[in-house]
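# Observations on the model geometry
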Amino acid sequence: MTEYPIIVFTAFLILCYGLFSRLAERSIITAPMVFVTIGFLIHLFSLDLLNEGAKAPYVKILAELTLMLVLFVDASTLNLKRLVKERQLPIRLLGIGLPLTMVLGALIAIVLFPEEKVWVLVLMALILSPTDAALGQAVVTSKDVPEKIRQTINVESGLNDGIALPPILICLAVLSADTENASATYWLTFIAKQFFYGPVIGGLVGWIGGSLVEMASRKDWMNHTFQQLASVALAILAFSLAESVHGNGFIATYFAGMLLGTKTESIRERIREFGEAESHAMVLFIFLLLGAILVPMSFPYWNINAVLYALLSLTVIRMLPVAVSLIGTGLPRQTVWFIGWFGPRGIASVLYLLMAVLELGVAGYEKMAAIITLTILMSIFLHGITAVPFSRLFKKEATD
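Here the structure is a predicted model, which is why all the values come from computation and not from measurement.

## A closer look at the pattern of salt bridges
The final tally for this structure, using the stated rule, is 3 salt bridges. One salt bridge in this structure joins Glu115 and Lys367, with 2.7 Å as the shortest N-O distance. Note that Glu115 is positioned in the loop between helix H6 (88–112) and helix H7 (118–127) and Lys367 in helix H18 (residues 366–399), a separation of 252 residues in sequence. Residue Arg218 is joined to Glu214 by a salt bridge in which the shortest nitrogen-to-oxygen separation is 2.8 Å. Of the two residues, Arg218 and Glu214 both sit in helix H10 (residues 184–218), 4 residues apart, roughly one turn of that helix. By relative accessible area, Glu214 is classed as buried at 8%.

Structure (structure tokens):
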């Protein structure tokens, strides 16, 4: 472990921040802000904590494991019955708003960056389409915000990273494959393996594994500790089995969480809580790496167009599709813009960017990585700072 001092340093930071985490919840300071800033300071002061940078072996392993757990936990938290009952707003945002965001993001990118390959710009738009409610945690926990709106933002954030994954994988396949020599048979086989094996294997692992946990717990064979460990075990099993037959492990992990065979709510809660805690620790490490590696690497490519696209990504590209998708719902205009604004770009975008860099390399994709990094960085601070005061506006409106 001492071979990678950055890991030891991150553990120390998590402990220190945790001591004041309750106080931070009541302020405009968020954990991603703190860890990104400290990561940047590590680079700025040339602290010898990043000996190998993004090439360090642990980066790939950590990024993959974090994405596995994030997808599994997001999917396992879904209350399908409640989602069906309160489906109107989430389905509109995911079925209309998300595709419109992807398309609008790609079209604006093509206009602003005509020198880049179209597939690269499409990939950039797709990576920036998922939202991360954790960056504006005060919004989904504040009692000032109506429960229906909190639930809508939370469900959208939990589902859109999984929905964005398949088109991202297709883009990566197009950019990494020899597309000129690839036949129709190749693409049909690829799609079948990626989008059939992954869901089937993942769904079976989640259902069978969850059912076994349920049975063992009911018979009092399994203690609470191992119920909690099941989240990590099932996520890794689903990923590994799917990858072994050339399916997509990340899709498998998502379906394992979504079709988790455990019905008892207390058991599901233990599985979720442990998975959330473990993934949260790794997420904070990823934010530290964002500040220490990706931000400094991106500096040379930040120009006026990059800043403009980042701002548009957080405003027009996000808020206009949300407004269109919510037409006819009867929501007040302020509520529509509130939902539109709180579409932060966070951990899913960081992990998908790392996945793209690990798959494609950095050479030739520097501008794409730089713009994504800038957008995430702006989102971390803009959405973090505005979460508490904007949430209080609902309380003010209610008393007026």
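Still to come is the rest of the account.
## Quick word on the environment of Glu276
Relative to the helices and strands, Glu276 resides in helix H13 (residues 265–298). Accessibility expressed as a relative area gives 38% for Glu276, which makes it partly exposed. The sequence separation of Glu276 and Val70 amounts to 206 residues, and the corresponding C-alpha distance is 7.6 Å. For Glu276, the residues in contact, after removing those within four places along its chain, are Val73 and Thr77.

## Focus: the packing of aromatic side chains
Within this structure, the stated rule accounts for 8 aromatic pairs. Between Phe40 and Phe299 the ring centres are 5.8 Å apart and the planes differ by 90 degrees, which places this aromatic pair in the edge-to-face class. Here Phe40, found in helix H3 (residues 31–44), pairs with Phe299, found in the loop between H13 and helix H14 (304–314); they are 259 residues apart in sequence, far enough to count as distant. Seen from their ring centres, Phe338 and Phe342 are 4.9 Å apart, and the 55 degrees between their planes marks the pair as tilted.

## Details of the nonpolar core
Residues Leu123, Met124, Phe287 and Tyr309 are the most contacted members of the largest nonpolar core, which totals 104 residues. Counting residues per element, this core draws most heavily on H13, which supplies 15 residues. With residues near it in sequence (within four places) discarded, Leu123 still touches Ile168, Cys171, Leu172, Leu175, Ala356, Leu360 and Met368. Residues Val322, Ala323, Leu326 and Ile339 belong to the second largest nonpolar core, which totals 21 residues.

## Observations concerning the packing of H13 against helix H17 (residues 347–360)
Their axes nearest at 11 Å, the elements H13 and H17 cross at an angle of 60 degrees. By the angle between their directions, the pair H13 and H17 is classed as oblique. At the point where H13 passes H17, the crossing takes the left-handed sense. Where H13 approaches H17, its residues Val283, Ile286, Phe287, Leu290 and Leu294 are matched on the opposing element by Ile347, Val350, Leu351, Leu353 and Leu354. Per-class residue counts for the contact of H13 with H17 are 10 nonpolar, no polar and no charged.

## A few points about a nonpolar patch on the surface
A cluster of nonpolar residues, Phe196, Tyr197, Val200, Leu204, Trp207, Ile208, Leu212, Met215, Trp221, Val245 and Leu259, forms a patch on the protein surface that exposes about 1,100 Å² of accessible area. Structurally, Tyr197 is set in helix H10. In this structure Tyr197 comes out as partly exposed when scored by relative accessible area, which is 33%.

## What to know about the confidence of the model for the protein chain
Of the residues in the protein chain, 90% have a pLDDT of 70 or more, and the chain-wide mean is 84. Taken element by element, the protein chain is modelled with least confidence in helix H5 (residues 80–85), mean pLDDT 64, and with most confidence in H14, mean pLDDT 96.

## As for helix H11 (residues 224–244)
Over its 21 residues, H11 runs 31 Å from end to end, which matches the ideal 30 Å to within 8%, given 1.5 Å per residue. The largest bend in H11 amounts to roughly 35 degrees and is located at Ala230. Every buried residue belonging to H11 is among Gln227, Ala230, Ser231, Leu234, Ala235, Ala238, Phe239 and Ala242, and all of these are buried. For H11, the N-terminal capping position is held by Asn223, with its side-chain oxygen 3.1 Å away from the main-chain nitrogen of Thr225. Taken from the residues just after H11, His246 is the one with a positive phi, measuring 65 degrees.

## Digging into the environment of Gly158
Note on placement: Gly158 falls in helix H9 (residues 147–176). Considering only alpha carbons, one finds Gly158 and Asp74, 84 residues apart in sequence, at a separation of 5.0 Å. Residues in contact with Gly158, not counting those within four places in the same chain, are Asp74 and Tyr254.

Calculation rules
Residues numbered from 1 in each chain as written. Predicted model: local features only at pLDDT ≥ 70, side-chain atom pairs only at ≥ 80, totals over all residues. Heavy atoms only, no water. Salt bridge = Lys/Arg side-chain N within 4 Å of Asp/Glu carboxyl O. Helix = DSSP H or I, 4+ residues; strand = E, 2+ residues; numbered from the N terminus. Buried < 20%, exposed > 50% of the residue type's maximum accessible area, 1.4 Å probe, protein only. Contact = heavy atoms within 4.5 Å. Phe/Tyr/Trp six-rings, centres within 6.5 Å; stacked < 30°, edge-to-face > 60°. Core = buried A, V, L, I, M, F, W, Y, C linked by side-chain atoms within 4.5 Å. Axes fitted to C-alpha atoms, helices over the stretch in contact; angles between N-to-C directions. Parallel < 35°, antiparallel > 145°, perpendicular 65-115°, else oblique. Left-handed = near helix turned anticlockwise from the far one by under 90°. Nonpolar A, V, L, I, M, F, W, Y, C, P; charged D, E, K, R; others polar. Patch = residues over 30% accessible without salt bridge, like charges linked within 9 Å, V, L, I, M, F, W, Y side chains within 5 Å. Areas by Shrake-Rupley, 256 points an atom, 1.4 Å probe, with all protein chains shown as cover. pLDDT = per-residue confidence, 0-100. Expected span 1.5 Å × (residues − 1). Bend = angle between axes of the 7 residues up to and from the residue. Polar contact = N/O pair within 3.5 Å; in protein donor to acceptor, adjacent residues only side chain to side chain.

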